[in-house]
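Here is how the chains run, residue by residue.
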Amino acid sequence: MTTSISGVQVYYYSVCKRKLWLFSKGITFENEHDRVLEGKVLHERSYPYLERKEQLIDNTFKIDAVEGEYVREVKISSKMANADRMQVLYYLDQLRQRGVNKKGLISYTKERKTEEIELTPVEERKLKESLQKILDLLDQPIPPPFKRLPYCNQCAYHSFCYAREETEE
Amino acid sequence: MSDHYIFSRGRLKRKHNTIYFESGEEGQKALPVERVDNLHIFGEVDLNSKLLNLLTKYDVRLHFYNYYGFYTGTYYPRTKNVSGFTVVQQSMHYLDPKKRYYMASAFVESGVHHMLRNLRRHKEKTGSYVDTIQAERVKIPDGRTIPELMGVEGRIRQTYYRSFNEILKSDFIFTKRSKQPPADPLNALISFGNSLMYTTVLAEVYKTALDPTVSFLHEPSSKRFSLSLDVAEIFKPLIVDPLIVSLVNNRVIGKKHFEDFEGIVLLNDQGKQRFIQEWEKKLATTVRHRTLKRKVSYRMFIRLECYKMIKHFIGDEPYRPLKAWW
Ligand code: SF4
């Protein structure tokens, strides 16, 4: 029954479905450091000169920066490249629905490389499928069960997911 | 992040983004707000809304204690970690008698586990008490109503406290638990430690999406954040009681640290300060956690308990209370 989806949710969908579910139910840990989200802090330092940085579009989603024909995202590393791509595709789609056609650029600061992203029909279909899956997931009454992921150690939900009692008497 | 305790009389104020405490006796002291988690006010302190707004911004809680050192209340900044979903699920576990009993008995079971753990350290002297408690303990899962469970818990606790007479080296004697007012030094120590436990649990519950007023063993009431009372059942015998035993047996606190106000026995300021110093040390002590695979402080163990409760309420993983394994 969730109607609007945010860029962060699209991003989390590719990172960890459990995280997406918990986050969407308001179970958050804002005091804790979350390296999966570090890019959020980074972009504030990266584009101080861009006026239109952090534009809030129709009050539903924020984008890092718009520069000419590009929507830009800055990330530290390409570890979550797939999640980054989905997030940018989502922005491009949202813009297109409002009559604005842009391309995307993701800059990975650590690797000093940039990836260009275009909303092709194939990508668009992939995105639509993911959005539907996100809505289905949010309708689930219980969270997806815990499953160890390689980046759990860097996730703000780590203490939450790993806090359990061992039977070992 | 840390807790600060104020014993003197004075004024708390805000200057830019810093808290200042001014007192005639000690002059002015700065407390950087980003590093304060809780402020405990034992002395007579003036403050204004400008200060409260700063505390709200930085999520600092303010706990007040009266002249006798009894907890009176908390200034609790509006909570940021709101999850309506979690609160609804938590309430559902309160409303269903079976689910409520499950939670309530888990708190009692864990508390008793920690009581027995303390007594077993003094096996030679406490054997008969352990047996009495064991006999009572088997009724925990069988009980049907919360008042029955409370009864079991109460009887266990009386036996447990009575065994302190064997453990404590000095002439502190337990006759009977007297809370308000404490009638002897041991009761004064227990009451003081339990107040600190309550505010410490409250501070951790606050950092999570749990609703501090919806409780299971204690009846949810408007007067207190009763979920903290529930969770404190687990941690009182794990943190407060061993601390009291060590304070008394190592003669950190002795008879001279108490005052008698016509039958009300209380810790004096020096006694409270000594207690708090050891209290802070204890909370910062770490243990390697078996599933987190890192060192976790006693304070963090309280938060982890909250996380496990949330997991239970949202249908993720059944709650199993902490049973210290170290
Ligand atoms: S800790 Fe691991 S399983 Fe839990 S939310 Fe984070 S990534 Fe997902």
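Since the structure is predicted, the reported quantities are computational estimates derived from the model, not experimental observations.

With that settled, the discussion passes to the nonpolar core. Residue and element names in this part refer to chain B. Residues Leu189, Met197, Phe235, Phe275, Trp279 and Met309 are the most contacted members of the largest nonpolar core, which totals 124 residues. If one sorts the elements of this core by residue count, helix 8 (residues 226-249) sits on top with 13 residues. Residue assignment places this core across two domains, with domain 1 (2-75) and domain 2 (84-314) each supplying three or more. The contact partners of Met197, leaving out residues within four places of it in the chain, are Ala232, Phe235, Lys236, Ile239, Val240, Trp279 and Ile302. Membership of the second largest hydrophobic core comes to 15 residues, among which are Ile6, Leu31, Leu39 and Leu62.

Turning to helix 2 (residues 84-95) of chain B, a few remarks are in order. Residue and element names in this part refer to chain B. Across its twelve residues, helix 2 extends 16 Å between first and last C-alpha, which sits within 8% of the 16 Å expected from 1.5 Å per residue. Buried within helix 2 are the following residues: Thr86, Gln89, Gln90 and His93. Looking straight down helix 2, one finds its buried side chains confined to an arc of 100°; they lie on one side. Summarising the geometry of helix 2, the exposed residues directed more than 90 degrees from the buried face are Val88 and Leu95. Of the surrounding secondary structure, the elements contacted by the buried residues of helix 2 are helix 3 (97-120), helix 8 and helix 10 (298-313).

The interface of chain A with chain B comprises 25 residues on the first partner and 27 residues on the second. Taken together, the two surfaces of chain A and chain B that pack against each other cover about 2,400 Å², and 49% of this comes from carbon and sulfur. At the boundary of chain A with chain B, the tally comes to four salt bridges. Close ionic contact of A:Glu165 with B:Lys308 constitutes a salt bridge, the shortest N to O distance being 2.6 Å. In this structure, the connection of chain A to chain B is made through twelve residue pairs in polar contact (both at pLDDT 80 or more). Top contributing element to the side of chain A that touches chain B by residue count: helix 6 (residues 158-162) of chain A, with five residues. Its residues assigned to classes, the side of chain A that touches chain B shows twelve nonpolar, five polar and eight charged.

Another point: the site of the ligand. Residues and elements named next belong to chain A. Near the ligand you find Cys16, Lys19, Phe146, Lys147, Leu149, Cys152, Cys155, Tyr157, His158 and Cys161, and these make up its full shell. Taken atom by atom, the bulk of the ligand overlaps the largest cavity. Among the residues forming the shell around the ligand, the class breakdown is seven nonpolar, one polar and two charged.

So, about the pairing of strand 8 (residues 71-75) of chain B. Residue and element names in this part refer to chain B. Both strand 7 (residues 61-65) and strand 8 contribute to a ladder of four bridges, which runs antiparallel. Bridging from a neighbouring strand, His63 pairs with Thr74 of strand 8. Two successive antiparallel strands, strand 7 and strand 8, enclose a turn made up of five residues, where Gly69 displays a positive phi of approximately 85°.

A full pass over the atoms with the stated rule returns 30 aromatic pairs over all chains. Ring geometry for A:Phe160 versus B:Tyr307: centroids 5.8 Å apart, planes at 65°, classification edge-to-face. Note that A:Phe160 is positioned in helix 6 and B:Tyr307 in helix 10, a pairing that runs across two chains. By relative accessible area, which is 1% here, B:Tyr307 ends up buried. Put simply, the rings of B:Phe7, B:Phe42, B:Tyr65, B:Tyr71, B:Phe192, B:Tyr198 and B:Phe275 pair up and form one aromatic cluster. B:Lys255 extends its terminal NZ or CZ atom over the ring of B:Phe172, reaching a point 5.2 Å from the ring centre. When the ring centre of B:Tyr298 is taken as origin, the NZ or CZ atom of B:Lys282, which lies over that ring, is 5.1 Å away.

Turning next to the packing of helix 3 of chain B against helix 5 (residues 146-162) of chain B. Residue and element names in this part refer to chain B. One can describe the packing of helix 3 onto helix 5 by two numbers: an axis separation of 11 Å at closest approach and a directional angle of 10°. One way to sum up the angle between helix 3 and helix 5 is to call them roughly parallel. Across the interface between the two elements, Arg100, Tyr101, Ala104, Ser105, Val108, Val112, Met115, Asn118 and Leu119 of helix 3 pack against Ile146, Leu149, Glu153, Ile156, Arg157 and Tyr160 of helix 5. For the contact of helix 3 with helix 5, a count of residues per class yields ten nonpolar, two polar and three charged.

What follows deals with the domain arrangement of chain B. All names here are of chain B. You can read the domains of chain B as domain 1 (2-75) and domain 2 (84-314). Measuring from the centre of the C-alpha atoms in domain 1 to the corresponding centre in domain 2 gives 26 Å. Residue-level contacts link 17 residues of domain 1 with 20 residues of domain 2. For the pairing of domain 1 and domain 2, the buried interface totals around 1,700 Å² over both sides, and the portion due to carbon and sulfur atoms is 65%. Viewed at the interface, domain 2 and domain 1 are joined by two salt bridges. Between Asp3 and Arg299 there is a salt bridge, and its shortest N-O distance comes to 3.7 Å. The interface formed by domain 1 and domain 2 holds four residue pairs in polar contact (both at pLDDT 80 or more) in total.

Turning our eyes to something else, we now look at the layout of surface pockets. Residues and elements named next belong to chain B. The space that makes up the largest pocket amounts to roughly 830 Å³. Put simply, the parts of the chain that give the lining of the largest pocket at least two residues each are helix 5, helix 7 (185-206) and helix 8. Among the elements that take part in the lining of the largest pocket, helix 5 stands out by supplying six residues, more than any other. Classifying every residue of the lining of the largest pocket by side-chain character gives eight nonpolar, nine polar and nine charged.

All names here are of chain A. Helix length check: helix 5 (residues 121-138), at 18 residues, gives a terminal C-alpha distance of 26 Å against a target of 26 Å (1.5 Å per residue), a fit within 8%. Listing the buried residues of helix 5 in full gives Glu123, Leu127, Ser130, Leu131, Ile134, Leu137 and Leu138. Along helix 5, the residues classed as buried sweep out an arc of 125° about the axis, all on the same side. In this structure, helix 5 carries Pro121, Val122 and Arg125 as exposed residues pointing more than 90 degrees from its buried face. Those residues of helix 5 hidden inside the fold are in contact with helix 1 (7-15), helix 2 (17-24) and helix 4 (81-97).

Here is what the cut-offs are and how they apply
- Residues numbered from 1 in each chain as written.
- Chains lettered and ligands numbered in written order.
- Predicted model: local features only at pLDDT ≥ 70, side-chain atom pairs only at ≥ 80, totals over all residues.
- Heavy atoms only, no water.
- Core = buried A, V, L, I, M, F, W, Y, C linked by side-chain atoms within 4.5 Å.
- Buried < 20%, exposed > 50% of the residue type's maximum accessible area, 1.4 Å probe, protein only.
- Helix = DSSP H or I, 4+ residues; strand = E, 2+ residues; numbered from the N terminus.
- Domains from an automatic or database assignment.
- Contact = heavy atoms within 4.5 Å.
- Expected span 1.5 Å × (residues − 1).
- Arc of directions from axis to C-beta.
- Buried area = accessible area lost by both parts, 1.4 Å probe.
- Salt bridge = Lys/Arg side-chain N within 4 Å of Asp/Glu carboxyl O.
- Polar contact = N/O pair within 3.5 Å; in protein donor to acceptor, adjacent residues only side chain to side chain.
- Nonpolar A, V, L, I, M, F, W, Y, C, P; charged D, E, K, R; others polar.
- Near = heavy atom within 4 Å.
- 1 Å grid on protein atoms, 1.4 Å probe; cavity = no way out; pocket = protein on both sides within 12 Å on 5 of 7 lines; lining within 4 Å.
- Sits in = over half its atoms within 2 Å of the grid points.
- Pairing = 2+ DSSP bridges.
- Phe/Tyr/Trp six-rings, centres within 6.5 Å; stacked < 30°, edge-to-face > 60°.
- Lys NZ or Arg CZ within 6 Å of the ring centre and 35° of its normal.
- Axes fitted to C-alpha atoms, helices over the stretch in contact; angles between N-to-C directions.
- Parallel < 35°, antiparallel > 145°, perpendicular 65-115°, else oblique.
- Points joined across faces, edges and corners; volume = space filled by probe spheres on them.

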